[in-house]
Amino acid sequence: MEDICKTVNITPFDYAISVIGGKWKMHILFWLWKKPVMRYSEIKKALGLVTHKILSDKLKELENDGLIIRVEYPQIPPKVEYSLSEKGKALMPILHEICKWGHENIPDDYRK
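Engineer: Talk me through the overall build of the chain; I want residue IDs and the actual numbers.
Structural biologist: Regarding its fold elements, the chain presents seven helices and three strands. Mapped in sequence order, the helices and strands of the chain form the string α-α-α-β-α-α-β-β-α-α. Relative to its length of 112 residues, the chain is extended, with a C-alpha radius of gyration of 17 Å against a globular reference of 13 Å. Per-residue burial over the chain gives 24% buried out of 112 residues. At a minimum sequence separation of 6, the contacts of the chain that also span at least 24 residues come to 48%. Total accessible area on the chain is roughly 8,400 Å²; 61% of this is exposed by carbon and sulfur atoms. Distance between charge centroids for the chain: 8 Å, based on 18 positive and 15 negative side chains.

If you want it as structure tokens, here you go:
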């Protein structure tokens, strides 16, 4: 096992998982893929049970990692819109393959 650990570079995989891992990040990216521009409240509604704190934290992380773009409009009430960046869009073929795999392998009794 030691030999394989020396010859396999896990760094790119580790980085990718650090950027998209966790319960909510891929869900956020999924919704921004399906609806290219969304307001915070729309994302919250689409995700359902996510708390405001968690959603806010995950959106900031995705923005800091360059996967989404946040645009704030100076108006009252404040308006903020989110969309995928070019870096985020580059993940969509991978997300598409994950969706395809899920479609092909979902059990008949799976309930969400």
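Engineer: Give me the lowdown on the nonpolar core, citing residues and values where you can.
Structural biologist: Formed by 21 residues in total, the largest nonpolar core has its most connected members in Ile28, Leu29, Leu32, Ile43 and Ile68. Elements supplying a minimum of two residues to this core: helix H2 (11-20), helix H3 (25-34), helix H4 (40-47), helix H5 (52-64), strand E3 (79-84) and helix H7 (92-105).

Engineer: Residue-level account of a nonpolar patch on the surface, with values.
Structural biologist: A surface patch of nonpolar side chains, about 320 Å² in accessible area, is lined by Ile10, Phe13 and Ile17. For Ile17, the location among the structural elements is in helix H2. Judged by its relative accessible area of 41%, Ile17 is partly exposed.

Engineer: Break down the sheet that holds strand E1 (residues 38-39) for me, with residues and values.
Structural biologist: Taken together, three strands build an open sheet; the order of strands is E1-E3-E2 and the sheet is antiparallel. The open sheet has two free edges, formed respectively by E1 and strand E2 (68-73), since each of these has just one partner strand.

Engineer: Before we move on, can you summarise the packing of H3 against H4 with the specific residues and values?
Structural biologist: The N-to-C vectors of H3 and H4 enclose an angle of 115°; their axes lie 10 Å apart at closest approach. Considering the relative orientation of H3 and H4, their crossing is right-handed. Across the interface between the two elements, His27, Ile28, Trp31 and Leu32 from H3 touch Ile43, Ala46 and Leu47 from H4. Grouping the constituent residues of the contact of H3 with H4 by class yields six nonpolar, one polar and no charged.

The rules behind each value
Residues numbered from 1 in each chain as written. Predicted model: local features only at pLDDT ≥ 70, side-chain atom pairs only at ≥ 80, totals over all residues. Heavy atoms only, no water. Helix = DSSP H or I, 4+ residues; strand = E, 2+ residues; numbered from the N terminus. Rg over C-alpha atoms; globule rule 2.2 N^0.38 Å. Buried < 20%, exposed > 50% of the residue type's maximum accessible area, 1.4 Å probe, protein only. Contact = heavy atoms within 4.5 Å. Areas by Shrake-Rupley, 256 points an atom, 1.4 Å probe, with all protein chains shown as cover. Lys, Arg positive; Asp, Glu negative; His and termini not counted. Charge placed at Lys NZ, Arg CZ, Asp CG, Glu CD. Core = buried A, V, L, I, M, F, W, Y, C linked by side-chain atoms within 4.5 Å. Patch = residues over 30% accessible without salt bridge, like charges linked within 9 Å, V, L, I, M, F, W, Y side chains within 5 Å. Salt bridge = Lys/Arg side-chain N within 4 Å of Asp/Glu carboxyl O. Pairing = 2+ DSSP bridges. Axes fitted to C-alpha atoms, helices over the stretch in contact; angles between N-to-C directions. Left-handed = near helix turned anticlockwise from the far one by under 90°. Nonpolar A, V, L, I, M, F, W, Y, C, P; charged D, E, K, R; others polar.

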